[in-house]
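What follows is the residue order along each chain.
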Amino acid sequence: MTQPHGGAPARRRPPVLSISALVVGALAAVTACGSDTTSGAPAPPGSAGKSHSATGTARPGTAAPGTAPPEADPASKAPSAAEPSVTTEAGSAAPPAVRRICSKDQLKLSTGRADIGAGNVYVPLAFTNTGAASCTLTGYPGVSLLDAPGAAIGDPATRRGPGRPTVVLKPGDSAYASLHTVNKGLSDKPCWRTAAEIRAYPPDSHRSIKVSARSFRVCGGVFEVTAVEPGSQP
């Protein structure tokens, strides 16, 4: 624009921005800032803003990831192997029964009828409990033969056959052992003198009992006794 010649120059006024232009500019700046925080770019590793499992509530009884598991309640721990165990009375062994051995004072000695056959002679020797309490006999009695004056005839009887279980004698009960010899003439060995008495030591006893021999005689050098068993004779 030309000024009139010779006149004062006209002053230029600065441009005036409209209010609407300012508002538009401000809205554009706000929109640009918001786009940085809401863009679809993935969050950097370890970002808590996108991890819901790290900040979520852990299930009961489990520890959240990245945390140490809770310590167990000491009261709920299993007992140590070193702790002593409790033994019940039912599991303990019962004490062994005490044997009451029959004594001479509670026994009566008797002989039964001889059993002769096939060249052998067997005579039952019975021990009867005459006491008021039960007692036991186990094993072989010691037996020898005596003449009328009381002198021993030959050697004591040797043991014959296997041992047997303990016999419990209630009052009035009996147990017997069998004496064995052979008939005259079955062997070249001579017979012994006829016995007047039989002397017997009950098993486990050092005191003897005597009974009439009833003409019992040993022949052939055979004189044996078996272990006691229940009854008064076979």
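Now for a look at the structure at hand. This structure is a prediction, so every number in the text was calculated from the model and none was measured. (Residues numbered from 1 in each chain as written. Predicted model: local features only at pLDDT ≥ 70, side-chain atom pairs only at ≥ 80, totals over all residues. Heavy atoms only, no water.)

## Things to note about the overall build of the protein chain
So, point 1. When you go through the protein chain residue by residue, the secondary structure sums to 2 helices and 13 strands.
So, point 2. Within the span of the protein chain, comprising 234 residues, buried residues form 26% of the whole.
So, point 3. Counting contacts in the protein chain only where the partners sit at least 6 residues apart, residues at least 24 apart contribute 74% of the total. (Helix = DSSP H or I, 4+ residues; strand = E, 2+ residues; numbered from the N terminus. Buried < 20%, exposed > 50% of the residue type's maximum accessible area, 1.4 Å probe, protein only. Contact = heavy atoms within 4.5 Å.)

## Description of the pairing of strand S9 (residues 174–182)
So, point 1. Counting buried residues along S9, 9 of its 9 residues qualify, which places the element largely inside the surrounding structure.
So, point 2. Burial along S9 is two-sided: Ser174, Tyr176, Ser178, His180 and Val182 facing one way and Ala175, Ala177, Leu179 and Thr181 facing the other are all buried.
So, point 3. Here 9 bridges tie strand S3 (residues 120–129) to S9, and the two strands are oriented antiparallel to one another. If you follow Leu125 over to S9, its bridge partner there is Ala177. (Pairing = 2+ DSSP bridges.)

## Side note on the state of the cysteines
Simply put, disulfide is the name for a covalent bond between the sulfur atoms of two cysteines.
So, point 1. Summed over the entire model, instances satisfying the criterion amount to 2 disulfides.
So, point 2. In this model Cys102 forms its disulfide with Cys135; the gap between the sulfur atoms is 1.9 Å. Given an S-S torsion of about 90°, the disulfide between Cys102 and Cys135 has right-handed geometry. With a gap of 33 residues between them, Cys102 in the loop between helix H2 (52–55) and strand S1 (107–111) and Cys135 in strand S4 (residues 135–137) connect regions that are remote in the sequence.
So, point 3. Two residues, Cys191 and Cys219, share a disulfide whose sulfurs are 2.0 Å apart. Its S-S torsion of about 110° marks the bond between Cys191 and Cys219 as right-handed, since a negative value means left-handed. (Disulfide = S-S within 2.5 Å.)

## Brief notes about the sheet that holds strand S5 (residues 142–146)
So, point 1. As summarised here, the arrangement of the 4 strands in space is S6-S5-S10-S11, forming an open sheet in which the pairing is antiparallel. A single partner strand is all that each edge strand has here, and the edge strands are strand S6 (152–153) and strand S11 (209–212).

## Comments concerning the nonpolar core
Side chains of nonpolar character tend, in soluble globular proteins, to be buried together.
So, point 1. Core analysis: the biggest nonpolar cluster contains 29 residues, and Val143, Leu179 and Phe216 have the highest contact counts within it.
So, point 2. Contributing elements (two or more residues each) for this core: S1, S3, S4, S5, strand S8 (167–169), S9, strand S10 (197–201) and S11.
So, point 3. Among the elements that make up this core, the one with the highest residue count is S3 (4 residues).
So, point 4. Among all residues touching Phe216, those that are not within four sequence positions of it are Val121, Val123, Leu145, Leu179, Thr181, Thr194, Ala195 and Phe223. (Core = buried A, V, L, I, M, F, W, Y, C linked by side-chain atoms within 4.5 Å.)

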